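Listed below are the residues making up each chain.
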There are 2 protein chains.
Amino acid sequence: MKPDAIAFARRFDGVSGSAIREIFKMIAKPGMISFAGGNPALSALPDQTAAEMARKVLEENGKAILQYGATEGYPPLLESLKSYVQAQLGCEIPAVLPVTGSTQAMDLLCKALINPGDVILLENPSFLGNMQCMHLYEARLVPVESDENGLMPAKLEEAIQKYHPKMLYTIPTFQNPTGRTLALERREPIARLAARYGMVVAEDDPYRDLRYTGEPLPSIKSFDKEGWVVFLGSFSKIISPGLRVGYMAGDPLILRKCTIGKQSSDVHTANLTQAIVDQFLRRGLLPEHISSICASYKAQMDAMLDELASFPEGTRYTRPEGGLFIWAELPAGLDAKELLDKAVERHVAYVPGTHFFVDGGHENTLRLNFSASTLEQIHQGITTLRGLVEESIR
Amino acid sequence: MKPDAIAFARRFDGVSGSAIREIFKMIAKPGMISFAGGNPALSALPDQTAAEMARKVLEENGKAILQYGATEGYPPLLESLKSYVQAQLGCEIPAVLPVTGSTQAMDLLCKALINPGDVILLENPSFLGNMQCMHLYEARLVPVESDENGLMPAKLEEAIQKYHPKMLYTIPTFQNPTGRTLALERREPIARLAARYGMVVAEDDPYRDLRYTGEPLPSIKSFDKEGWVVFLGSFSKIISPGLRVGYMAGDPLILRKCTIGKQSSDVHTANLTQAIVDQFLRRGLLPEHISSICASYKAQMDAMLDELASFPEGTRYTRPEGGLFIWAELPAGLDAKELLDKAVERHVAYVPGTHFFVDGGHENTLRLNFSASTLEQIHQGITTLRGLVEESIR
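This one's a predicted model, so the numbers in the text were calculated from it and none came from an experiment.

A. Summary view of the overall build of chain A. The number of helices and strands found in chain A is 12 helices and 15 strands. Relative to the 2.2 N^0.38 estimate, which gives 21 Å for 394 residues, the radius of gyration of chain A is 21 Å and therefore close to what a compact globule would have. The C-alpha extent of chain A, read off along each of the three principal axes, is 60 × 60 × 55 Å. Each of the 394 residues in chain A was classed as buried or not, and the buried ones make up 65%. Within chain A, contacts between residues separated by at least 24 positions form 76% of all contacts whose residues are at least 6 apart in sequence.

Structure, rendered in structure tokens:
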């Protein structure tokens, strides 16, 4: 018998892999201008600093770093991370767990909480990577209505009463894929609803430091008196995604369950990558590094918005205050998936918006990333896209 | 409402966390002699080499290493790993997937294959970390009879006919916890049974290079004509467990499903730790490093066996040809779990054998690790244990 006779687990029914990861492979040819990923600019990746740090920590504490570590985290990072997170969120954090990228945080939270059929509420569109995670736990994904100020608390309460969800998954700041930010006055009500109805909130906030205009907003977590909000943090956008270090912060009981789940996911996150992040925190390098990233990304976003302004009538797009993405809606009738094939022929890529919706549809939408391209590439790539759109509506 | 009202997912019913990881915390006090873990000796951890490598790869290829990588693996490692694995296993390997420690390989294989209630056959006792993984996928664990030469193919076939398992989980070489090795003449029959009945074999072989006497045996994988055997490999015991790099090798269809599963587990394994392992392979450092480790571990194992020889009558223990563990059975009536409390008071630790059995029991057994202790510590620690056993049977 050959393995093509294998019956794979039911959790894979309907899951065919991340559209982004597939597009990545399609566009891995030289000369491609990619607005597809959520990659930091290469210039934002601190390679020489990391080289010096890696050597230092291995020379000085290499035996402990190369030995098995605790599932609970590398002790020096645990220490620096706790003060960092408390300062970031402006509130007491009873427990923190370093994880192998914040993707693992979502995986562990689903592992801890989700039985097949359990409802997870979420924005629609939302981050497709974590939607795939929810599908693999056989959750039922139920969208909650949002507007340009994010999730609407009244609609959220209706959905809670109707669906008795186990969890709300939300990206409150510079949302992926829309770039929208949850308004200040909606944040406390969400924390209150969570406690009233006994619903865990996964507050996924990897872009919060990438703010180019406007004032920083308090996290939903900072309004959480009872412990229902679990904050998912990441160093992928502000240090390096290749290191795979993120964290979850919140209630010790929930984090304990996630820790037990992590024992059989990967035992612990690599000590070396945790030690490098610890060095960044301990040396206080992040504020300056982040300002320099933000200066470039703002210029890149502005360049992209400028180019979008001359798209044909009927095109709409978000104007985010930060983050990595602009969300665009092409004139009705256009199909961003069909357009992608032609765009890739002309060496430009993006992610069709349909992949970010719980039930697909919305074929005329697309997500555009500006962080991974130079100003030159943005002008050239968006000009190419504009040409394609103009051709298509003729 | 407080989060202590949370209903966690059913997969955690009866799962309270790894006994080993709990014992680790209990014994994290100075002066403790630990035979509990499966840790490499500190002297076996190449900290200065790793420091040089980490700096070099980050200086030379740091942008790619710090950027998002492919779920399929860091390209240079994929290349060196494939030749390494083929040389190791002595057969063509159609596909290989680097993972975040071989613990993740087991997790991904269960994710790909196991529906709640599916049967996994395994040795009894077996590795408790991976048993916890199987429990979290709500598999039904069914032991297959083994003797001092490992799994018995006739018993395996009976179990296959009776239980229609999805998977066999086996540690064929210097098994954890018993130290036993699957005899040569049993290896091909197991591969044949897998293909005849359509059952995946997870061949978990992290200790195969740690051989102190006798001849290396071909892997079960090398007898696999159809692709049902997935080989789980690890660099934890021969380079470093703290780096969290392992791999799975086998059928492309199965590995593809695991890759999709990995997208939402951790996106990809950290590029930096993959790059360090690549350097070890590429520079051909492993053979010499492994001989030097083996020379020490053999002396440590021999010292432990010497000390065990003078234990009270009724004590039995395995005499492995390699690996990290000796498995001991104390005189009937003794309880290794009760004894552990007294042992820890006297600064000696081990893992009670009961934790490694599917249904517990076997209270008079224990697992002893010799790799993480010096000869001095082995003499002193086992002498302490002997004293305790002698007191207990008086």
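What follows picks up the thread again.
B. Quick peek at the sheet that holds strand β4 (residues 140–143) of chain A. Residues and elements named next belong to chain A. Taken together, the seven strands give an open sheet; going across it, the order is β2-β10-β9-β8-β7-β3-β4, and neighbouring strands pair in mixed fashion. Each edge of the open sheet is held by one strand with a lone partner, namely β2 (95–99) and β4. Put simply, the sheet's adjacent strands are angled 20 degrees from each other on average, direction ignored. As judged from the four bridges shared by strand β3 (residues 119–122) and β4, these two strands associate in the parallel manner. Bridge pairing in β4 links Leu-122 to Pro-143.

C. Representation of the interface of chain B and chain A within the structure. If you look at the interface, chain B gives 94 residues, while chain A gives 94 residues. Taking both sides of the interface into account, the surface hidden between chain B and chain A amounts to around 7,900 Å²; carbon and sulfur atoms contribute 59%. At the junction of chain B with chain A, the criterion picks out six salt bridges. Lys-2 of chain B is the partner of Glu-226 of chain A in a salt bridge, and the nearest nitrogen-oxygen pair spans 3.2 Å. There are 34 residue pairs in polar contact (both at pLDDT 80 or more) connecting chain B and chain A. Sort the elements by how many residues they give to the side of chain B that touches chain A and helix α2 (residues 47–66) of chain B lands first, with 12 residues. Of the residues assigned to the side of chain B that touches chain A, the class counts are 41 nonpolar, 30 polar and 23 charged.

D. Quick peek at the pattern of salt bridges. Residues and elements named next belong to chain A. Throughout the structure, instances matching the rule amount to 40 salt bridges over all chains. We note a salt bridge from Arg-211 to Glu-321, for which the minimum N-O separation is 2.8 Å. Of this pair, Arg-211 sits in the loop between β8 (200–204) and β9 (229–234) while Glu-321 sits in the loop between β11 (316–317) and β12 (325–329), and the two are 110 residues apart along the sequence. Among the residues examined, Glu-321 registers a relative accessible area of 35% and is labelled partly exposed. A network of salt bridges, in which partner residues are shared, links Glu-79, Asp-278 and Arg-282.

E. Quick peek at the pairing of β12 of chain A. Residue and element names in this part refer to chain A. Counting buried positions along β12 gives four out of five residues, so the element sits mostly inside the fold. Inspection of the sheet shows β11 paired to β12 by two bridges, in the antiparallel sense. Of the residues in β12, the one forming a bridge with Arg-316 is Glu-329. As judged from the five bridges shared by β12 and strand β15 (residues 365–369), these two strands associate in the antiparallel manner. Among the inter-strand pairings, Ala-328 is bridged to a residue of β15, identified as Leu-366.

F. Inspection of the side chain of Lys-166 of chain B at higher detail. Mapped onto the secondary structure, Lys-166 of chain B falls in the loop between α6 (153–163) and β7 (167–170). Judged by its relative accessible area of 19%, Lys-166 of chain B falls in the buried class. With sequence-adjacent residues up to four places away left out, Lys-166 of chain B is seen in contact with Ala-7 of chain A together with Leu-113, Ile-114, Asn-115, Asp-118, Val-119, Met-199 and Val-200 of chain B.

G. Here's a closer look at the relation of the copies chain B and chain A. Overlaying chain B with chain A gives an RMSD of 0.0 Å, the required rotation being 180 degrees about an axis along which the chain moves by 0.0 Å. Considering both components of the superposition, the chain copies are consistent with a two-fold axis. Every residue of chain B has its C-alpha some distance from the rotation axis, and the shortest such distance is that of Arg-55 of chain B, at 2.7 Å. Looking at the interface residues of chain B, 100% of them are also at the interface in chain A, so both copies use one shared face.

H. Inspection of the packing of helix α4 (residues 102–113) of chain B against helix α8 (residues 252–263) of chain B at higher detail. All names here are of chain B. Close contact between α4 and α8 brings their axes to 9 Å; oriented N to C, the two are set at 105 degrees. The pairing of α4 with α8 is recorded here as roughly perpendicular in orientation. Along the contact surface, α4 presents Gln-104, Leu-108, Leu-109, Lys-111 and Ala-112, while α8 presents Ile-254, Lys-257, Cys-258, Gly-261 and Lys-262. Split into classes, the residues belonging to the contact of α4 with α8 amount to five nonpolar, two polar and three charged.

I. Expanded view of the packing of α4 of chain B against helix α5 (residues 128–136) of chain B. Residue and element names in this part refer to chain B. Two numbers describe how α4 lies on α5: the axes approach to 10 Å, and their chain directions differ by 25 degrees. With respect to their mutual orientation, α4 and α5 come out roughly parallel. Handedness of the α4/α5 crossing: right-handed. Packed against α4, whose contacting residues are Thr-103, Met-106, Asp-107 and Cys-110, the element α5 presents Asn-130, Cys-133 and Met-134 at the interface.

J. Representation of the packing of aromatic side chains within the structure. This structure, assessed with the given rule, holds 14 aromatic pairs over all chains. Ring centres of Trp-327 of chain A and Phe-357 of chain A lie 5.8 Å apart, and the angle between their planes is 55 degrees; on these two criteria the pair is classed as tilted. With Trp-327 of chain A in strand β12 and Phe-357 of chain A in the loop between β14 (351–352) and β15, this residue pair connects regions lying 30 residues apart in the sequence. In terms of burial, Trp-327 of chain A and Phe-357 of chain A fall into one category: buried. Centre to centre, the rings of Tyr-84 of chain B and Phe-235 of chain B are 5.6 Å apart; their planes meet at 40 degrees, and the pair counts as tilted.

K. Highlighting helix α2 (residues 47–66) of chain A. Between its first and last C-alpha atoms α2 of chain A spans 21 Å; for 20 residues at 1.5 Å apiece the expected length is 28 Å, and the helix comes up short by more than 12%. Along α2 of chain A, the largest kink reaches about 80 degrees and is centred on Glu-60 of chain A. Here α2 of chain A has its buried residues at Asp-47, Ala-50, Ala-51, Met-53, Ala-54, Val-57, Leu-58, Gly-62, Ile-65 and Leu-66 of chain A. On its buried side, α2 of chain A packs onto α9 (271–282) of chain A together with α2 of chain B.

Here is what the cut-offs are and how they apply
Residues numbered from 1 in each chain as written. Chains lettered and ligands numbered in written order. Predicted model: local features only at pLDDT ≥ 70, side-chain atom pairs only at ≥ 80, totals over all residues. Heavy atoms only, no water. Helix = DSSP H or I, 4+ residues; strand = E, 2+ residues; numbered from the N terminus. Rg over C-alpha atoms; globule rule 2.2 N^0.38 Å. Buried < 20%, exposed > 50% of the residue type's maximum accessible area, 1.4 Å probe, protein only. Contact = heavy atoms within 4.5 Å. Pairing = 2+ DSSP bridges. Axes fitted to C-alpha atoms, helices over the stretch in contact; angles between N-to-C directions. Buried area = accessible area lost by both parts, 1.4 Å probe. Salt bridge = Lys/Arg side-chain N within 4 Å of Asp/Glu carboxyl O. Polar contact = N/O pair within 3.5 Å; in protein donor to acceptor, adjacent residues only side chain to side chain. Nonpolar A, V, L, I, M, F, W, Y, C, P; charged D, E, K, R; others polar. Least-squares fit on C-alpha atoms with pLDDT ≥ 70 in both. Parallel < 35°, antiparallel > 145°, perpendicular 65-115°, else oblique. Left-handed = near helix turned anticlockwise from the far one by under 90°. Phe/Tyr/Trp six-rings, centres within 6.5 Å; stacked < 30°, edge-to-face > 60°. Expected span 1.5 Å × (residues − 1). Bend = angle between axes of the 7 residues up to and from the residue.

Geometric descriptors of this kind do not, in isolation, establish any biological role.
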